[in-house]
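Listed here are the chains, written in short residue letters.
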Amino acid sequence: MKIKDGFILRSVAGRTVVISDGEVLNLNLLIGLNDTGKFLWEQLGKEITVEELKNALMEEYDVEEGLAHKDVMTFIDNLKKNGFLEET
């Protein structure tokens with residue numbers, strides 16, 4: 001899976017947000033991300049599995065496997081629900 005084309009990360013007033021690159025016009029798809037969300041979003045810029053994403057999160061933030069898995073799944077579920085993910 002990976003992030004669909006048409007979305008980019010920007011820093012606005014000190015916050016990380018996802019905005020349309022102009023091709024996607026649905027403003028309901030704008031979201032703000034914390035540092036962890038930004039990290040996961042950046043990882044999803046390329047094709048990656050849930051396992052690889054979990055491992056990257058564990059390595060970057062030194063969190064235990066159960067919490068990393070839960071956080072990754074919550075993030076992915078939110079992205080799917082809002083149409084940000086491309087699943088291959």
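Preceding this section is the structure that the text describes.
In what follows, the accompanying structure is described. (Residues numbered from 1 in each chain as written. Predicted model: local features only at pLDDT ≥ 70, side-chain atom pairs only at ≥ 80, totals over all residues. Heavy atoms only, no water.)

**Some points on the nonpolar core**
W41, L44 and L79 are the most contacted members of the largest nonpolar core, which totals 20 residues. Excluding residues that lie within four positions of it along the chain, W41 makes contacts with I3, F7, L9, V18, I31, L33, F75, L79 and F84. (Core = buried A, V, L, I, M, F, W, Y, C linked by side-chain atoms within 4.5 Å. Buried < 20%, exposed > 50% of the residue type's maximum accessible area, 1.4 Å probe, protein only. Contact = heavy atoms within 4.5 Å.)

**A closer look at the packing of aromatic side chains**
Enumeration according to the criterion identifies three aromatic pairs in this entry. Ring geometry for F39 versus Y61: centroids 5.8 Å apart, planes at 85°, classification edge-to-face. In this pair, F39 sits in helix α1 (residues 35–43) while Y61 sits in helix α2 (residues 50–61), placing the two residues 22 residues apart along the sequence. With a relative accessible area of 10%, F39 lands in the buried category. Overall, the relative accessible area of 33% leaves Y61 in the partly exposed class. Ring-pair connections join several aromatic residues into one group, and the members of that group are F7, W41 and F84. (Phe/Tyr/Trp six-rings, centres within 6.5 Å; stacked < 30°, edge-to-face > 60°. Helix = DSSP H or I, 4+ residues; strand = E, 2+ residues; numbered from the N terminus.)

**Quick look at the pairing of strand β2 (residues 7–12)**
In this sheet, strand β3 (residues 15–20) lies alongside β2 in antiparallel orientation, the contact comprising six bridges. Paired with V12 across the two strands is R15, which belongs to β3. Linking β2 to β3, which pair antiparallel, is a turn of two residues; within it A13 sits at a positive phi near 50°. (Pairing = 2+ DSSP bridges.)

**As for the pattern of salt bridges**
The tally for this structure, following the rule as stated, stands at two salt bridges. Two residues, E51 and K54, come together in a salt bridge whose shortest N-O distance is 3.1 Å. One end of the pair, E51, and the other, K54, are both in helix α2, three residues apart, so they sit about a helical turn from each other. When its relative accessible area of 45% is taken as the criterion, E51 is described as partly exposed. By relative accessible area, K54 is classed as buried at 4%. One salt bridge connects K54 with E65, and the closest N-O pair in it is separated by 2.6 Å. One end of the pair, K54, is in helix α2; the other, E65, is in helix α3 (residues 65–81), and eleven residues separate them in sequence. Taken together, the salt bridges that share partners define one network made up of E51, K54 and E65. (Salt bridge = Lys/Arg side-chain N within 4 Å of Asp/Glu carboxyl O.)

On their own, these measurements won't tell you what the molecule is for.
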